[in-house]
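In case you want the letters, here they are:
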Amino acid sequence: IQAMDIKPRARTKAVNPKVEKTTSFLLNYALFIIMGLILVVVSIIRIDFLSMNNILNILQNASTKGILALGCAGLIVLAGTDLSIGRVLGISAAVTASLVQSTSYISRMYPTMVEPLGAFGLLIPLFASIAVAVAFCMINGFGVAKLHLHAFIVTLGTQTFFTGISMGLLKLKEITSTLPDGMKAFGKLYIFESADPVTGIRFTLSAMVLFLIALCAIVSFILNKTMFGWALYAIGGNE
């Protein structure tokens, strides 16, 4: 061995199954463990953090972002991402709001619209916003699939592009104050509302939270129980 200058192989140590299982558990659930620790620390600092009113407020504020996150979940499974998702939402919201503006508003975006769309006419802004969102997302998809650019780079650039289009579309006009009362009420729809008889604190559960829970169930089923979802995991694991 000395003449051939070959070093003897180091003996491999036997891995303890319990240590390996514990390490695997910590790696797989590291995010949940960290979030749990943060929750404990914040609860100690702020005693009212885990109050029912605060929990409902957090759920309501996180519901819209959670819906966006579900839309991006498939991309993350594919080992990609979308930094422009918030800007696409902004364009879709601008298109919807511009189509349902009050016809009595002098500075409305479409002066030729002299009659309201009506109850069934609200489907037009809905499908228009979806069509706009799909069209802009196809720009991102073209950059990734055909130009072979990384999704991070593509969406980092297009988010600025989409922001400029939104500002050009709105032209700094006031839109939200001219929306129909029915649409404003839908955004503030509460499924559950009560008040504490002692403190008088109101507890409300927004309908958006239920929408988020329903969409979580749908996306979970698609990703885990369908061939399409399995294909996403397979491509993300090995393109």
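Note that this is a predicted model, so its numbers are computed, not measured. Each chain carries its own residue numbering, running from 1 in the direction its sequence is written. Predicted model: local features are reported for residues with pLDDT of at least 70 only, side-chain atom pairs are reported and counted for 80 or more only, and whole-chain, interface and lining totals are derived from all residues. Side-chain figures throughout are based on the complete set of non-hydrogen atoms in the structure, without hydrogens or water.

Visitor: Account for the overall build of the protein chain, naming residues and giving values.
Guide: The helix and strand inventory of the protein chain stands at nine helices and two strands. Under the DSSP-based scheme used, a helix requires at least four consecutive residues in state H or I and a strand at least two consecutive residues in state E, with every element numbered from the N terminus. Along the protein chain, helices (α) and strands (β) appear in the sequence α-α-α-α-α-α-α-β-β-α-α when read from the amino end. Considering the protein chain as a whole, with its 239 residues, one finds that 22% of them fall into the buried category. Contacts spanning at least 24 positions in sequence make up 57% of the contacts within the protein chain whose residues lie at least 6 apart. A simple rule labels every residue: compare its accessible area, found with a 1.4 Å probe on the protein chains alone, to the largest value its type can have, and call it buried under 20%, exposed over 50%, or partly exposed in between. It only takes one pair of heavy atoms within 4.5 Å for two residues to be counted as in contact.

Visitor: Can you break down the packing of aromatic side chains residue by residue, with the values?
Guide: Pairing of aromatic rings covers Phe, Tyr and Trp, the last through its six-membered ring, and needs centres within 6.5 Å; plane angles under 30 degrees mean stacked, over 60 mean edge-to-face, and all others mean tilted. Within this structure, the stated rule accounts for four aromatic pairs. Centroid distance Tyr29 to Phe32: 6.2 Å. Interplanar angle 50 degrees. Geometry classified as tilted. Look at Tyr29 and you get partly exposed, because its relative accessible area is 40%. By the ring-pair criterion, three or more aromatic residues cluster together here, those being Phe25, Tyr29 and Phe32.

Visitor: Go over the nonpolar core, please, and point to the residues and values.
Guide: Working definition of a nonpolar core: buried Ala, Val, Leu, Ile, Met, Phe, Trp, Tyr and Cys residues. They are joined through side-chain atoms within 4.5 Å. Listed in full, the seven residues of the largest apolar core are Val88, Ile91, Val95, Leu99, Ala133, Phe136 and Phe162. Mapped onto this core, the elements with two or more residues apiece are helix H4 (85-99) and helix H5 (123-145). Looking at this core, the element that brings in the most residues is H4, giving four residues. Ranked by size, the runner-up nonpolar core spans six residues in total, among them Val77, Leu212, Val219 and Leu232.

Visitor: Pulling in residues and values, what's your account of a nonpolar patch on the surface?
Guide: For patch building, the residue pool is restricted to those with more than 30% relative accessible area and no salt bridge; the joining distance is 9 Å between like charges and 5 Å between nonpolar side chains (Val, Leu, Ile, Met, Phe, Trp, Tyr). Using the Shrake-Rupley algorithm and a 1.4 Å probe, accessible areas are obtained, with residue cover drawn only from the displayed protein chains. The rule for a salt bridge is simple: a side-chain nitrogen of Lys or Arg has to be within 4 Å of a carboxyl oxygen of Asp or Glu. Among the surface-exposed residues, Phe25, Leu26, Tyr29, Leu31, Phe32, Ile33, Met35 and Leu37 lie close enough to one another that they form a single nonpolar patch of about 840 Å² accessible area. Mapped by element, the contributors of at least two residues to the nonpolar patch are helix H1 (17-28) and helix H2 (30-45). Per element, the largest residue contribution to the nonpolar patch is five residues, and it comes from H2. Among the structural elements, Leu37 can be located in helix H2.

Visitor: Now, about H5: what can you tell me, with residues and values included?
Guide: Expected helix span is given by 1.5 Å per residue-to-residue step, counting one fewer step than there are residues. End to end, H5 covers 32 Å across 23 residues, agreeing with the expected 33 Å (1.5 Å per residue, within 8%). Those residues of H5 not exposed but buried are Pro125, Ser129, Ala133, Phe136, Asn140 and Gly143. Elements that come into contact with the buried residues of H5 comprise H4 and helix H6 (151-170).

Visitor: Tell me about the side chain of Ser92, residues and numbers included.
Guide: Secondary-structure assignment places Ser92 in helix H4. Discounting residues that sit within four places of it in the chain, Ser92 has contacts with Ser129 and Ala133.

Visitor: Kindly report on the environment of Val134, identifying the contributing residues and their values.
Guide: With respect to the helices, strands and loops of the structure, Val134 is situated in helix H5. It is 9.0 Å that separates the C-alpha atoms of Val134 and Val88, two residues lying 46 residues apart in sequence.

Visitor: Tell me about unusual backbone geometry, and name the residues and values.
Guide: For residues besides glycine, phi is generally negative; the peptide bonds are generally trans as well. Although it is not a glycine, Ala79 sits at a positive phi angle of roughly 65 degrees. Its relative accessible area of 53% is what places Ala79 among the exposed residues. Although it is not a glycine, His148 sits at a positive phi angle of roughly 60 degrees. Among the structural elements, His148 can be located in the loop between H5 and H6.

Visitor: Explain helix H8 (residues 207-225) to me, and be specific about the residues and the numbers.
Guide: Between the first and last C-alpha of H8 there are 27 Å, a value that for 19 residues agrees with the 27 Å anticipated at 1.5 Å per step. Those residues of H8 that sit buried are Ala207, Val209, Leu212, Val219 and Leu223.

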